[in-house]
Amino acid sequence: MNVQHQSLGRRGFLRGALAAAVLVPMGGSIASCAAGGGGTSAGPTGAVSDTNPFGMADKSTVDAVIFKGGYGIDYVEFAGKAFEKAHSGSTAKIAPSTDIAQELQPRFVGGNPPDLIDNSGAKAIGFSTILAQLEDLTSVVEAKNLEGKVIKDTLYTGVLAPGTFEGKLAALNYVLTVYAMWYSDSLLKENGWTVPKTWDEMYALGEQAKAKGKYLFLWGKEAATYYQEMAIASAIKEGGDDVRLALENLKADCWSHPAIQSVFTAMDKIIKAGYFKPGGSGTQFTAAQAQWSNAQEAVFYPSGSWIENEMKDQTKADFKMTGAPVPSVSASPKKPYASLHSAAGEPYVVPSQGKNVAGGKELLRVMLSKEAATNFAKTKLAPTIVKDTVPADGFGSTALVSQTKLLSDAGENIYTWNFIDLYGTNKDQLVVWNTFLDGKSDVATLTSALQNITDKVRNDSSVKKIEVK
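Residues numbered from 1 in each chain as written. Predicted model: local features only at pLDDT ≥ 70, side-chain atom pairs only at ≥ 80, totals over all residues. Heavy atoms only, no water.

Novice: Can you break down helix H15 (residues 398-410) residue by residue, with the values?
Specialist: The end-to-end C-alpha separation of H15 is 18 Å, in line with the 18 Å expected for 13 residues at 1.5 Å each. Here the buried face of H15 lies against strand E6 (172-184), helix H12 (307-310), strand E8 (321-324), strand E9 (340-349), helix H14 (370-380) and strand E10 (414-415). Downstream of H15 by a residue or two, Gly411 has a phi angle that is positive, lying close to 60°. (Helix = DSSP H or I, 4+ residues; strand = E, 2+ residues; numbered from the N terminus. Expected span 1.5 Å × (residues − 1). Contact = heavy atoms within 4.5 Å.)

Novice: I'd like a rundown of the nonpolar core, residues and numbers included.
Specialist: Core analysis: the largest hydrophobic core is formed by 126 residues, its most contacted members being Tyr174, Phe217, Tyr227, Leu368 and Trp433. A total of 10 residues in this core trace back to one element, the largest contributor, which is E6. Counting 16 residues, the second largest nonpolar core, distinct from the first, contains Phe67, Ala101, Leu104 and Phe108. (Core = buried A, V, L, I, M, F, W, Y, C linked by side-chain atoms within 4.5 Å. Buried < 20%, exposed > 50% of the residue type's maximum accessible area, 1.4 Å probe, protein only.)

Novice: Report on the environment of Asn413, specifying residues and quantitative values.
Specialist: Along the chain, the position of Asn413 falls in the loop between H15 and E10. A relative accessible area of 28% means that Asn413 is categorised as partly exposed. Taking the C-alpha atoms as reference, Asn413 lies 7.6 Å from Pro336; in sequence the two are 77 residues apart. Non-local contacts of Asn413, meaning those with residues more than four positions away in its chain, are made with Pro336, Ser339 and Leu340.

Novice: Please provide a residue-by-residue account of unusual backbone geometry, values included.
Specialist: Leaving glycine out, the prevailing phi sign among residues is negative, and the prevailing peptide bond configuration is trans. A positive phi is found at Glu346, a non-glycine position, where the angle reads about 65°. Mapping Glu346 onto the fold places it in strand E9. Owing to a relative accessible area of 1%, Glu346 belongs among the buried residues under this scheme.

Novice: Tell me about the packing of aromatic side chains, residues and numbers included.
Specialist: Going through the model one piece at a time under the given rule, you end up with 22 aromatic pairs. Residues Tyr226 and Trp306 carry aromatic rings whose centres are separated by 6.1 Å and whose planes lie at 70° to one another, so their mutual orientation is edge-to-face. One end of the pair, Tyr226, is in helix H8 (residues 226-239); the other, Trp306, is in the loop between strand E7 (300-304) and H12, and 80 residues separate them in sequence. Given a relative accessible area of 1%, Tyr226 falls into the buried group. (Phe/Tyr/Trp six-rings, centres within 6.5 Å; stacked < 30°, edge-to-face > 60°.)

Novice: Outline the pattern of salt bridges, supporting the account with residue identities and numerical values.
Specialist: Following the criterion strictly, the structure yields 13 salt bridges and no others. In this structure, the salt-bridge partner of Asp74 is Lys380, at a minimum N-O distance of 2.7 Å. Here Asp74 is found in helix H2 (residues 74-86), whereas its partner Lys380 is found in helix H14, with 306 residues between them in sequence. Judged by relative accessible area, which is 9%, Lys380 ranks as buried. (Salt bridge = Lys/Arg side-chain N within 4 Å of Asp/Glu carboxyl O.)

Novice: How would you summarise the pairing of strand E1 (residues 61-67) if you had to cite specific residues and measurements?
Specialist: Buried residues dominate E1, accounting for 6 of its 7 residues. Relative to strand E2 (residues 91-97), E1 is paired through 7 bridges, and the arrangement is parallel. In the strand pairing of E2, Val65 is matched with Ala95. In terms of handedness, the path from E1 via H2 over to E2 forms a crossover that is right-handed. Taken together, the 3 bridges between E1 and strand E3 (residues 116-118) define a ladder with parallel strand orientation. By the bridge assignment, Ala64 is partnered in E3 with Leu116. (Pairing = 2+ DSSP bridges. Right-handed = clockwise from strand over helix to strand, strands pointing away.)

Novice: Describe the pairing of E7, and please don't skip the residues or the numbers.
Specialist: In terms of burial, E7 is largely enclosed, as 5 of its 5 residues are buried. By the alternation rule, side chains of E7 split into Phe300, Pro302 and Gly304 and Tyr301 and Ser303, which are all buried. Relative to E7, E6 runs antiparallel, the two being bridged by 5 bridges. Among the inter-strand pairings, Trp182 is bridged to a residue of E7, identified as Tyr301.

Novice: Account for the confidence of the model for the protein chain, with residues named and values stated.
Specialist: Scored by pLDDT, the protein chain has a mean of 88; 90% of the residues are at 70 or more. Note on residues 1-40: pLDDT under 50 across the span, and 149 contacts to partners over four residues away in sequence or across chains. (pLDDT = per-residue confidence, 0-100.)

Listed below in structure tokens is the structure:
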């Protein structure tokens, strides 16, 4: 699997005012990399070995601040205990934060930042402001993990790209998010239905679902743009990278690309046929999701792989949540049907001015061990960037099993995009998509509204544009 062009990535993806993605600070820093050099950190203070590759001093303390979002901080605490076991007498101090920028920017200014930071969440620190103060983490991925294997050889291909700027690996994104069309495998089998591979097949299934008193889709107001994600993923599959690049680079008429228009038209047909559950624009998104996962009022729901963990207390018994690739328009799209939108997120950084730089790297090395990565997958029902940490039974999670299969089936055909979070357009797009899903606008109106949002960003001279190639 090759994860390209990634820096999107956490459970709060596309939740409007409820959350923002990591990309905003990361993407905005690219242009500034040339101006910033690497930080200056002290050399090893302890003996260097395979089990202490960074020369951490004996009986030292590591100060780590972790964003406390959907994944919590217990997975880092788990790694902290493994760290303390591996280095008797040393202590891993793990502290939570819900506002990384407010809490930690003063520490950067004061020259006393933590040793390890999960720079995530809506209020992450802009990478452009701290890039020169961060360690190059190449030494971490070139070190051996706790199991004795070179870390870079245990990672999915391409996952280092999001945190690499001008050749400097400034951040390690820890979690893989898989975006898919989720459904109850037991419900499909009960009705003899198969997952549609094209939008025409989806429309045909809509009539069968309606006969059973079910809708194809539903949505909640804060998550209306989950369907924008689905549409873009489908259009890129249909029309290839030209679609993605036009959107990424804010091209004039990018939303009028034939592949995008064909997906919009297919979705509009389904909406007008009444195969979307009405009223989503007035329904809170987790309530809507419960209508899908618990009441089973709809067959499919597009989301990131956080959906199972998010709805674990509101999912019908024996639901057997499973993910599938989004449909294409034709039976012969430019990218294979198994092509997938996936992104690496949760960027971890080691500040060069931390009191225990070697300790920060060492704790990160422990997090990248098979034991710690497996614990994350088991407890969060999501894979990390470390390969081969999910058993065949997915720890009893059909959704996790399907994520592994989706990634395997996609192979090199993995893609993502960054423009929405880079330029902060989701809030405006939510309004547009709620209206469209309500059946109160047509394809032309949807296209015009989305293009106006894009044009506004493109024409704003105060906004730094990032060219994607």
